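Analysis of the macromolecular model
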Amino acid sequence: MAQVIYNSLTAKKEKFVPLKEGEVKLYLCGPTVYDFLHIGNFRGAITFNLIRNWLEFNNNKVTFVYNYTDVDDKIINRANEQGVSTKELSEKYIKEFEKDFNTLGLKKHEHNPRVSDYIPQIIEMIKDILKNGHGYIIGGEVYFSIESFENYGALSKKKLDELEAGQRAEVDVKKKNPFDFVLWKPAKPNEPSWDSPWGKGRPGWHIECSAMVKSILGESIDIHGGGVDLLFPHHENEIAQSESCNCKKYANFWVHNEFINFGAEKMSKSLGNVITCRNFMEKYNGEILKYLFLSAHYRTQMSITDDKLLQTISALSRIYSALALADQTINEVNEEAVLDNGFIKKLESFDNKIKKALNDDFNSAEMISFIFEGVRTFNALGFKNKKKKNAVHKGCSEAFKTWMNKYGKMCALFVDDPNTMLSELDQILIQMRDIDKNKVEELVKKRNEHRENKAWEQADIIRAELEDMGIELFDGNDKGWRVKVNE
Ligand code: AMP
Ligand code: ZN
């Protein structure tokens, strides 16, 4: 069962064979750091976290590079507005990003290069591009000539003549072709700048990734990723620059994740419809974000709606309840655990299905559905309400926990303390459904008093009232309540 990946370059699924057996070089275009990042920006980080973990699970050593763009117009403008240096501003938001990244429990990348640390390498690369006849200089600006690169358009499937026909009127007259792009530009006042053979200036956007890839990973890499919006022109231009400079194929596989939308619109800062990851995690929980994203395939668009959030909370409640039961059973039973081969065989059959799903272009949606099958199978063992649990129940609980932990680690999911997570999910539901917690607790107390006095009828009336409020009661040892979730 080979690993297959959808390659945007060939527009089809292809068997994945790394350049060097057992090693994978992976580069993902990272964020421009001038503000808190929105949850859409995190789809790449969450998706590629699973991709790298899955490749590692299959005995590959992965070197993952995720860059920070810290030289950019947006950063310069924001820094000037706030009266701070671009370095101060970008370092502040890199720290904030890393805080979110760590809260999400994603695996640290091997390298997080900043553009400002790679200026000499960028300059070297531009020199080589010019030497190889792919660039030209006009008034201190260095441009890449797309007509000099035969394969231009191979990734985006755009043809040069169609591009030119579609070009709007305000063409930069300096350029030989309207789609030629800048490699180096002269600095304006109040902008960070560096010395170069073409005068003081700063690099264009696209060259940064080409230079960081080459410096850290080498001339050719296995997988290059990013959001679909980067496919053209950013990635198309990266290919043109790198291949013109190195005369080698740049990236074997191009992997693009689709967008996160709010309703029908793309979530983006310019549309003002963003929710930052920080706000999301404060209002909901990072676990909800990861589960939500991974329950869809990375190449499908996803809209965030209240319904989807409620479904996710419901699914997570089911999963964490099963994990809580497993913990409780392991603690309660003192005897040595006994294995149930039938249960183990079922989990193994899901292992095979998950392997097939992830080998098929990292189909995390299917993976999540088989994890859920595992939860269902565990619940179907039916010992939840048994007063005395036995050694087989303990054996199944241990096997289930180990199994969940394996996929949990891969996805950065299911590793929180189950009871803490269940009560957090309850709190979120209370907020989302606008439930008056004090009133609920008062009613539950009253109902318990009626029950103690054997006033069953009054107790039932209160139960019905609570049910109407969306509250579910459980009358076990803990006389508890929780918000009902539709399953
Ligand atoms: P930027 O900081 O705008 O360069 O974006 C950083 C990364 O987030 C890029 O890979 C973008 O493709 C990606 N991105 C931006 N908006 C969204 C969105 N709404 N959904 C998914 N990915 C996005
Ligand atoms: Zn990039």
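Anything mentioned here points back to the structure above.
Just so it is clear, the structure is predicted and the values come from calculations on it, not from any experiment.

Let's shift gears to the overall build of the protein chain. Tallying secondary structure elements over the protein chain gives 16 helices and 15 strands in all. C-alpha extents for the protein chain along the principal axes are approximately 90 × 50 × 40 Å. By residue count, 51% of the 487 residues in the protein chain fall in the buried class. Relative to all contacts within the protein chain whose residues are 6 or more apart in sequence, the contacts with residues 24 or more apart total 77%. On the protein chain, the mean spot of the 68 positive side-chain charges and the mean spot of the 73 negative ones are 3 Å from each other.

This paragraph deals with the coordination of the zinc ion (ligand 2). Taken together, the protein donors to the zinc ion (ligand 2) comprise Cys29 (SG), Cys209 (SG) and His234 (NE2), at separations of 2.0 to 2.2 Å. Sequence spacing of the donor residues for the zinc ion (ligand 2), all on one chain, is C-x179-C-x24-H. With cysteine 29 in the loop between β3 (23–28) and α1 (41–57) and histidine 234 in helix α7 (residues 231–246), this residue pair connects regions lying 205 residues apart in the sequence. By relative accessible area, histidine 234 is classed as buried at 1%.

Attention now goes to the nonpolar core. Judged by nonpolar contacts, the single largest core of 103 residues is most densely connected at Ile223 and Phe414. The biggest single contributor to this core is helix α10 (residues 306–332), with 11 residues. For isoleucine 223, the contacting residues outside a window of four places in its chain are Ile5, Phe16, Val24, Lys25, Leu26, Tyr27, Phe48, Leu55, Phe253 and Val255. In terms of nonpolar packing, the next biggest core, distinct from the first, is built from 39 residues, Val65, Ile129, Leu155 and Leu231 among them.

Turning to the pattern of salt bridges, a few remarks are in order. Under the definition given, this model contains 24 salt bridges. A salt bridge links lysine 248 to glutamate 219, with the shortest nitrogen-to-oxygen separation between them at 2.7 Å. Residue lysine 248 is found in the loop between α7 and β10 (251–257), and its partner glutamate 219 is found in the loop between α6 (205–216) and β9 (221–227); the two are separated by 29 residues along the sequence. Within this structure, Arg52, Glu56, Lys107 and Glu110 form a network of salt bridges that share partners.

In the vicinity of ligand 1, 14 residues are found, and the nearest of them are Asn41, Asp229, Phe259, Ile260 and Met267. At 3.1 Å, a backbone N or O of threonine 32 approaches an oxygen atom of ligand 1. Between ligand 1 and isoleucine 260 there is a distance of 2.8 Å, counted from a nitrogen atom to a backbone nitrogen or oxygen. Surface burial for ligand 1 is 88%, taken as the share of its 490 Å² of free accessible area covered by protein chains. Grouping the constituent residues of the shell around ligand 1 by class yields 6 nonpolar, 6 polar and 2 charged.

This part covers the sheet that holds strand β11 (residues 260–262). Reading across from one edge, β12-β11-β13 is the order of the 3 strands in this open sheet, with mixed pairing throughout. Edge strands, defined here as strands with exactly one partner in the open sheet, are β12 (265–266) and β13 (302–304). The sheet contact formed by β11 and β13 spans 3 bridges and is parallel. Residue phenylalanine 262 lies in a different strand from β13, and its bridge partner there is isoleucine 304.

As a further point, take the side chain of serine 242. Mapping serine 242 onto the fold places it in helix α7. A polar contact of 2.9 Å, which involves the side chain of serine 242, links it to the side chain of serine 210.

A word on the packing of α6 against α7. Their axes nearest at 9 Å, the elements α6 and α7 cross at an angle of 50 degrees. For the element pair α6 / α7, the angle class is oblique. Relative to α7, the crossing made by α6 is right-handed. Residue-level contacts link Trp205, His206, Ile207, Cys209, Ser210 and Lys214 of α6 to Pro233, His234, Asn237, Glu238, Gln241, Ser242, Cys245 and Asn246 of α7. Split into classes, the residues belonging to the contact of α6 with α7 amount to 5 nonpolar, 7 polar and 2 charged.

It is worth spelling out the sheet that holds β10 at this point. A sheet is described by the order of its strands in space; here 4 strands give the open sequence β4-β3-β9-β10, paired in parallel fashion. Only two strands of the sheet have a single neighbouring strand rather than two, namely β4 (61–66) and β10. Direction aside, the axes of adjacent strands within the sheet are offset by 20 degrees on average. Pairing analysis gives 3 bridges linking β3 to β9, with the strands arranged parallel. Its bridge partner lying in β9, leucine 28 is registered against glycine 225.

Moving on to the packing of helix α4 (residues 119–131) against α7. Where α4 contacts α7, the axes come no closer than 8 Å and their chain directions differ by 70 degrees. Considering their axes alone, α4 and α7 lie roughly perpendicular with respect to each other. The residues of α7 that touch α4, namely those facing Met125, Asp128 and Ile129, are Gln241, Ser242, Cys245 and Asn246. Classifying every residue of the contact of α4 with α7 gives 3 nonpolar, 3 polar and 1 charged.

Residues Ile75, Ile76 and Ala79 constitute the buried set of helix α2 (residues 73–82). Buried residues of α2, seen end-on, are gathered within an arc of 100 degrees and therefore sit on one face of the element. Buried residues in α2 make contact with α3 (86–103) and β8 (201–203). Sitting at the amino-terminal end of α2 is aspartate 72, which places a side-chain oxygen 2.7 Å from the backbone nitrogen of lysine 74. Remark: glycine 83 follows α2 within two positions and exhibits a positive phi of approximately 65 degrees.

What counts, and where the lines are drawn
- Residues numbered from 1 in each chain as written.
- Chains lettered and ligands numbered in written order.
- Predicted model: local features only at pLDDT ≥ 70, side-chain atom pairs only at ≥ 80, totals over all residues.
- Heavy atoms only, no water.
- Helix = DSSP H or I, 4+ residues; strand = E, 2+ residues; numbered from the N terminus.
- Buried < 20%, exposed > 50% of the residue type's maximum accessible area, 1.4 Å probe, protein only.
- Contact = heavy atoms within 4.5 Å.
- Lys, Arg positive; Asp, Glu negative; His and termini not counted.
- Charge placed at Lys NZ, Arg CZ, Asp CG, Glu CD.
- Donors = N, O, S within 2.8 Å, 3.2 Å for Na, K, Ca; no water.
- Core = buried A, V, L, I, M, F, W, Y, C linked by side-chain atoms within 4.5 Å.
- Salt bridge = Lys/Arg side-chain N within 4 Å of Asp/Glu carboxyl O.
- Near = heavy atom within 4 Å.
- Polar contact = N/O pair within 3.5 Å; in protein donor to acceptor, adjacent residues only side chain to side chain.
- Areas by Shrake-Rupley, 256 points an atom, 1.4 Å probe, with all protein chains shown as cover.
- Nonpolar A, V, L, I, M, F, W, Y, C, P; charged D, E, K, R; others polar.
- Pairing = 2+ DSSP bridges.
- Axes fitted to C-alpha atoms, helices over the stretch in contact; angles between N-to-C directions.
- Parallel < 35°, antiparallel > 145°, perpendicular 65-115°, else oblique.
- Left-handed = near helix turned anticlockwise from the far one by under 90°.
- Arc of directions from axis to C-beta.

Function-wise, these values are silent; they only describe arrangement.
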